[in-house]
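Single-letter residue listing:
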Amino acid sequence: MGDTGTELGVDCYELYDAGHNLYPAIASEFDACATGFSASSSYNAFVRDSSIGLGYSGAYTEWSAAANTLDNVLAETGRNLRDTGQALMLAANTYAATDAAAQAEYDRRKRELG
Amino acid sequence: MSFEELSAHAQEIVEKAMEWDLERMGYMKVGDNEWMPRSSYGGRAGQYPGYGGSTMTQSEVDADMAEVSGRYDDVPGLFDAFSSLPDPASFDAGIDDLTAALGKLSQGSGGEDPTNGSPTPANTILDGMDTSQDYLARWTGIAAAQFKENFVDTFESITTNQFLLTSYIKGALEAEKSLWDAARRNIDEIAEDTITALEEMGDCGKNEWSMAFSVAGAVVALVAVPFTAGGSLVAAATFAGVGGALSIGGAAVGNMEDAPELDMSGESPEAVIGNMREAITKLKDEISKAEQKIADKMTELQGIVDGHRELFVAPRPNLADSGPGDIREDMGVPR
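In this text the structure is predicted, and so the values were computed from the model without any measurement.

*Asks:* Hey, could you run me through the overall build of chain A in this one?
*Replies:* For chain A, the helix and strand inventory stands at 4 helices and 0 strands. Each helix (α) and strand (β) of chain A, taken in turn from the N terminus, gives the series α-α-α-α. In terms of C-alpha radius of gyration, chain A reaches 23 Å, well past the compact-globule figure of 13 Å for 114 residues. The principal-axis extent of the C-alpha atoms belonging to chain A is close to 75 × 25 × 15 Å. In chain A, buried positions account for 54% of the 114 residues. With the model as given, the accessible surface of chain A reaches about 4,500 Å², and the carbon-plus-sulfur share is 48%. Side chains of chain A carry 7 positive and 16 negative charges; the gap between the two charge centres is 5 Å.

What follows is the structure, given as C-alpha cells:
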C-alpha cells in the first residue's frame, strides 16, 4: 500500500521539485557545455601550408571527431534530464489529483517552496 | 628577429650567400642587388662595357648571376611554407570554452584537470542529483526504479568520465598551441643561426653551431587515468592523453622528451645553407611526429568512447518518454 493523503502530497512535491527545479537546472549545465563549445569554430586554428605537419588542416579531423562526440554525449545527457523532469512533473500532478489531501499538501509546498 | 619577419630573413640569407660567392668570383656590389665585375680580378680582368675595363660581356655576367642565384633560389620557398603556421593564440577560444565546460562538469569534492593538474571547483548545481536520488528511492514502478539505477546512481561516474573526456580534448588543443609556439621559435632560430653562420664564415676558428628542436617536447604525454564504470571505481578503460608543454609548465605530470639536436658547421654558403636545408627538413619531420601523437591520441579516445559509450552517457530512460497513459504504471506507488 502506497502513501496517501498528506504523505502522498509530500511525495508528489518531491517529484515536482526534481522535475521542475533540480533536473532542468542540471540539464542547463549540460546544455551550456554543449552549446558553449563548437568544434568547427576551431577549424581555422589548425590551417597551415599543406607541406607542414599532417597536411592542410593537420589533426583537425581526428580532434573534431572526438570533440563532436563529447558535444553529443553532453547534449544527450541534458535532453534526457529535461524530458525525465517533464515526466516527473506529470507524475506529480497525476498522483496529487487522485487525493484531495495530497493535492492540498502538494499545492501548499509548491507555493511555499517553489 | 621575429617570426613575422621570416620572409625578410629568407631574403637576407640569399643576399648574404650570393654576396660571398660573387665577391669570390670577382664581382663587387654597386647597389641594391647590383653587381659588376672588378676590372682586374683573376681571369675576368679586361674590357667590360660600362665598368672599369673588364673584358666580360653582359651575357657572361648574366650567366654568373643566374648560376649563383640558382644555388639558393629554393631558400625563400623553404621559409614560405612556415610563414602561415597556425597562430598559437588562435587555439585559446576553444581552450577557454572547454575549460568553462570542465567547471560545469566538476562535481563532488571537485575534479583535477589531468592535463595540467589544476583543481576545478565543484559545480554545486549537480548536487541536485543526490537530492533526487532520495526522492526516487520511494517509488516502486519499474521505470522509476530503472531511472534511478541506470541514470541517477551512475550520474557521478558518467559525469566524471565526461569531465575527463573534456579535459583530454582540451589537452589536445593545448598540445597544438604548444606545438606551433615551438615551431615558430624553431624556424626563426634556423633563420637566425643561418644568417649568423653566413656572417661568421670568414672569422677565425671553426664555424660551428647547433639547433635544438624544442618542437619535439611541445606535445607532452600524460599519465594514464582510468575511466570509471558506473557506480563502481573499476577501471573500464584507461587512457593517457596529451597536453601542451606551455600549459603544463614544470609540473611533473608527463614525460617531457629531450629536444633532439642537430650539430652543424660550414665555411661556405653552400655548406651553411645545406645545413639550413637539413635543419628545415628535420623541423618538418619533428612537427609531423608531434602532430601525429595528437591525432593518434584523439583516434584512440574516439575508439574508447565508441567502444564504451555507456561510460560517457546513460541510455535514454524509459521514464523520459512516459505520458499520461503510462505514467502511473511507470512510477508505481510511493512507499
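*Asks:* Help me understand the overall build of chain B, please; the structure alone is not making it clear to me.
*Replies:* Within chain B one finds 10 helices and 11 strands. Sorting the 335 residues of chain B into buried and exposed places 47% on the buried side. Considering only contacts within chain B whose residues lie at least 6 apart along the sequence, 70% involve residues at least 24 apart. Accessible surface, chain B: about 14,600 Å² in total, of which carbon and sulfur atoms supply 49%.

*Asks:* How should the interface of chain B and chain A be read in this particular structure?
*Replies:* Where the parts come together, the accessible area they lose is often given as the size of the interface. Contact with chain B, which involves 67 residues of that partner, is made by 53 residues of chain A. Here chain B packs against chain A, burying approximately 5,100 Å² in sum over the two surfaces, 68% of which is carbon and sulfur. Taken together, the connections running from chain B to chain A amount to 6 salt bridges. For Asp-83 of chain A, the salt bridge identified is with Arg-316 of chain B, shortest N-O distance 2.7 Å. The tally of links between chain B and chain A comes to 20 residue pairs in polar contact (both at pLDDT 80 or more). For the side of chain B that touches chain A, the secondary-structure elements that each account for two or more residues are helix H3 (75-83), helix H4 (92-105), helix H5 (128-136), helix H6 (142-152), helix H7 (155-199), helix H9 (269-307) and helix H10 (327-331) of chain B. Per element, the largest residue contribution to the side of chain B that touches chain A is 11 residues, and it comes from H9 of chain B. The residue makeup of the side of chain B that touches chain A, split by class, is 40 nonpolar, 17 polar and 10 charged.

*Asks:* Whenever I open this one, the domain arrangement of chain B confuses me. Can you help?
*Replies:* All names here are of chain B. In terms of domains, chain B is made up of domain 1 (1-76) and domain 2 (85-122 + 155-313). Listed as interface residues are 16 residues of domain 1 and, on the opposing side, 18 residues of domain 2. Summed over both partners, the interface of domain 1 with domain 2 comes to about 1,500 Å²; 74% of that surface belongs to carbon and sulfur atoms. On the surface where domain 1 and domain 2 come into contact, there are 4 residue pairs in polar contact (both at pLDDT 80 or more). Of all the secondary structure elements, the ones that give two or more residues to the side of domain 1 that touches domain 2 are helix H1 (6-24) and helix H2 (58-72). Here the side of domain 1 that touches domain 2 gets 8 residues from one element, more than from any other, and that element is H1. Residue composition of the side of domain 1 that touches domain 2, by class: 8 nonpolar, 2 polar and 6 charged.

*Asks:* When you look at the environment of Leu-165 of chain B in this model, what are you seeing that I'm missing?
*Replies:* With respect to the helices, strands and loops of the structure, Leu-165 of chain B is situated in helix H7. Sequence-wise, Leu-165 of chain B and Met-201 of chain B are 36 residues apart; in three dimensions their C-alpha atoms are separated by 53 Å. The residues touching Leu-165 of chain B, leaving out its near neighbours within four places in the chain, are Leu-70 and Val-73 of chain A together with Phe-227, Leu-301, Val-305 and Phe-312 of chain B.

*Asks:* In this structure, what is going on with the nonpolar core? I would like to understand it.
*Replies:* For soluble globular proteins, nonpolar side chains are generally found buried alongside one another. Tyr-23 and Trp-63 of chain A together with Phe-79, Phe-82, Ile-169, Phe-227 and Met-331 of chain B are the most contacted members of the largest nonpolar core, which totals 133 residues. With 20 residues, the single largest contributor to this core is H7 of chain B. When residues of this core are sorted by domain, at least three fall in each of domain 1 (1-76) and domain 2 (85-122 + 155-313) of chain B. Setting aside chain neighbours within four positions, we find Ile-169 of chain B in contact with Trp-63, Ala-66, Ala-67 and Leu-70 of chain A together with Leu-98, Met-298 and Leu-301 of chain B.

*Asks:* Just checking my understanding: could you explain the packing of aromatic side chains for this structure?
*Replies:* Between two aromatic rings, the relevant description is the distance of the centres plus the angle of the planes. Taken as a whole and assessed by the stated rule, the structure comprises 15 aromatic pairs over all chains. Aromatic side chains Tyr-168 of chain B and Phe-227 of chain B sit 6.1 Å apart centroid to centroid with 85° between the ring planes, which places their arrangement in the edge-to-face category. Within this pair, whereas Tyr-168 of chain B is found in helix H7, its partner Phe-227 of chain B is found in strand S7 (residues 225-228), the two being separated by 59 residues in sequence. No difference in accessibility class separates Tyr-168 of chain B from Phe-227 of chain B, as the two residues are buried. Joined through ring pairs, the aromatic side chains of Phe-37, Tyr-43, Phe-46, Tyr-60 and Trp-63 of chain A together with Phe-91 of chain B make up one cluster. Across the ring face of Tyr-16 of chain A, the terminal group of Lys-110 of chain A is positioned such that the distance to the ring centre comes to 4.9 Å.

What counts as what
Residues numbered from 1 in each chain as written. Chains lettered and ligands numbered in written order. Predicted model: local features only at pLDDT ≥ 70, side-chain atom pairs only at ≥ 80, totals over all residues. Heavy atoms only, no water. Helix = DSSP H or I, 4+ residues; strand = E, 2+ residues; numbered from the N terminus. Rg over C-alpha atoms; globule rule 2.2 N^0.38 Å. Buried < 20%, exposed > 50% of the residue type's maximum accessible area, 1.4 Å probe, protein only. Areas by Shrake-Rupley, 256 points an atom, 1.4 Å probe, with all protein chains shown as cover. Lys, Arg positive; Asp, Glu negative; His and termini not counted. Charge placed at Lys NZ, Arg CZ, Asp CG, Glu CD. Contact = heavy atoms within 4.5 Å. Buried area = accessible area lost by both parts, 1.4 Å probe. Salt bridge = Lys/Arg side-chain N within 4 Å of Asp/Glu carboxyl O. Polar contact = N/O pair within 3.5 Å; in protein donor to acceptor, adjacent residues only side chain to side chain. Nonpolar A, V, L, I, M, F, W, Y, C, P; charged D, E, K, R; others polar. Domains from an automatic or database assignment. Core = buried A, V, L, I, M, F, W, Y, C linked by side-chain atoms within 4.5 Å. Phe/Tyr/Trp six-rings, centres within 6.5 Å; stacked < 30°, edge-to-face > 60°. Lys NZ or Arg CZ within 6 Å of the ring centre and 35° of its normal.

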